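# Residue-level structure breakdown
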Amino acid sequence: MSEVKLTAQSRTEFGKGAARRIRRADQVPGVLYGHGTDPVHLTLPGHELLLALRTPNVLISLDLDGHTELAIPKAVQRDAVRGTLDHVDLLLVKRGEKVSVDIPVLTEGELAPGNFLLEHVLNSLPVEAEATHIPESVTVSVAGLEAGASVLAKDVVLPSGVSLGVEDDAVVIQVLAAQAEEAPAAAEGETAEA
């Protein structure tokens, strides 16, 4: 897992006006909380944070007012039209601490020959992992699977030190048979004229 270093400043102004001024300066308002501490409202560099958040569950090393804190993103709000960051909530973590996160599920391989559909019941898998060793994703092989087959959470191979945060028998991926579309039948009483 990668660790990204960002410099943050604590902030004392709150509300819409202050948040808009922060965003105009290419900064992102945020809050850092966890471990029973009071929430710290901060300002983060916009472009660097956007690049960091491309990695799921990225570990962020914050240089905040002269001391360093480790955090992971907990909630990210984006502008629906422009795609820019509006606000970010960061969860304070410590090295060696276990955290609960969702990691993306990727698939590899080809289904068995035929007309089958692959359904991702869970796009991400809830797991518990050490804060500094969160996997970026898990990969599931669907090679040769036919209709009716499914991959359960207990069948997903997890890296060492990572445990499931969901029931063992939860369906992650299943294979469905594609249904053929019926041709529209002529209504009763109508005759085909040439």
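Located above this text is the structure these notes cover.
One structure accompanies this document, and this report is about it. (Residues numbered from 1 in each chain as written. Predicted model: local features only at pLDDT ≥ 70, side-chain atom pairs only at ≥ 80, totals over all residues. Heavy atoms only, no water.)

### As for the side chain of Arg 11
- When you line up the elements, Arg 11 lands in the loop between strand S1 (3-10) and helix H1 (16-24).
- Of the side chains with opposite charge, Asp 89 comes closest to the buried, unpaired Arg 11, at an N-O distance of 7.7 Å.
- Looking at Arg 11, its side chain comes within polar contact range of the main-chain oxygen of Leu 42, at 3.0 Å.
- Each residue touching Arg 11, except ones within four places of it in the same chain, is listed here: Ile 22, Pro 29, Gly 30, His 41, Leu 42, Thr 43 and His 87. (Helix = DSSP H or I, 4+ residues; strand = E, 2+ residues; numbered from the N terminus. Buried < 20%, exposed > 50% of the residue type's maximum accessible area, 1.4 Å probe, protein only. Lys, Arg positive; Asp, Glu negative; His and termini not counted. Salt bridge = Lys/Arg side-chain N within 4 Å of Asp/Glu carboxyl O. Polar contact = N/O pair within 3.5 Å; in protein donor to acceptor, adjacent residues only side chain to side chain. Contact = heavy atoms within 4.5 Å.)

### Comments concerning the sheet that holds strand S11 (residues 150-152)
- Strand order in the open sheet formed by three strands is S8-S13-S11, with antiparallel pairing between adjacent strands. Each having just a single partner strand, strand S8 (116-120) and S11 make up the two edges of the open sheet. Geometrically, the sheet is characterised by an average inter-axis angle of 15° between neighbouring strands, direction not taken into account. (Pairing = 2+ DSSP bridges. Axes fitted to C-alpha atoms, helices over the stretch in contact; angles between N-to-C directions.)

### A short note on the sheet that holds strand S9 (residues 124-130)
- Strand order in the open sheet made by the four strands is S10-S7-S9-S12, with mixed pairing throughout. With one partner strand each, in any of the chains shown, strand S10 (138-141) and strand S12 (163-164) form the two edges of the open sheet.
- In this sheet, S12 lies alongside S9 in antiparallel orientation, the contact comprising two bridges. Looking at S12, one finds that Val 127 is bridged to Leu 164.

### Quick notes on the pattern of salt bridges
- Applying the stated rule across the entire model yields four salt bridges.
- Linking Asp 79 and Arg 82 is a salt bridge whose minimum nitrogen-to-oxygen distance equals 3.2 Å.
- What makes Asp 79 buried here is its relative accessible area of 17%.
- Looking at Arg 82, the relative accessible area reads 63%, which means it is exposed.

### Quick look at the layout of surface pockets
- Roughly 280 Å³ of volume is contained in the largest pocket.
- Together, 14 residues line the largest pocket, and Arg 23, Asp 26, Gln 27, Thr 84 and Leu 85 are the ones closest to its centre.
- Of all the secondary-structure elements, those providing two or more residues to the lining of the largest pocket are H1, strand S2 (27-34), helix H2 (46-52) and strand S6 (85-93).
- By residue number, the principal contributor to the lining of the largest pocket is H2, which donates three residues.
- Taken together, the residues of the lining of the largest pocket break down into three nonpolar, five polar and six charged. (1 Å grid on protein atoms, 1.4 Å probe; cavity = no way out; pocket = protein on both sides within 12 Å on 5 of 7 lines; lining within 4 Å. Points joined across faces, edges and corners; volume = space filled by probe spheres on them. Nonpolar A, V, L, I, M, F, W, Y, C, P; charged D, E, K, R; others polar.)

### Focus on the nonpolar core
- Ranked by internal contacts, the top residues of the largest apolar core, which has 24 residues, are Ile 72 and Leu 125.
- Listing elements by their share of this core, those giving two or more residues are strand S5 (67-78), S6, strand S7 (98-108), S9, S10 and strand S13 (171-177).
- If you tally residues by element for this core, the top one is S7, at four residues.
- The contacts of Leu 125, once residues within four sequence positions are left out, are Val 101, Asp 102, Ile 103, Val 105, Val 138, Ala 153, Val 156, Leu 158, Leu 164, Val 166 and Val 172.
- Counting residues in each nonpolar core, the second largest holds 17 residues, with Leu 32, Leu 49, Leu 53 and Val 88 among its members. (Core = buried A, V, L, I, M, F, W, Y, C linked by side-chain atoms within 4.5 Å.)

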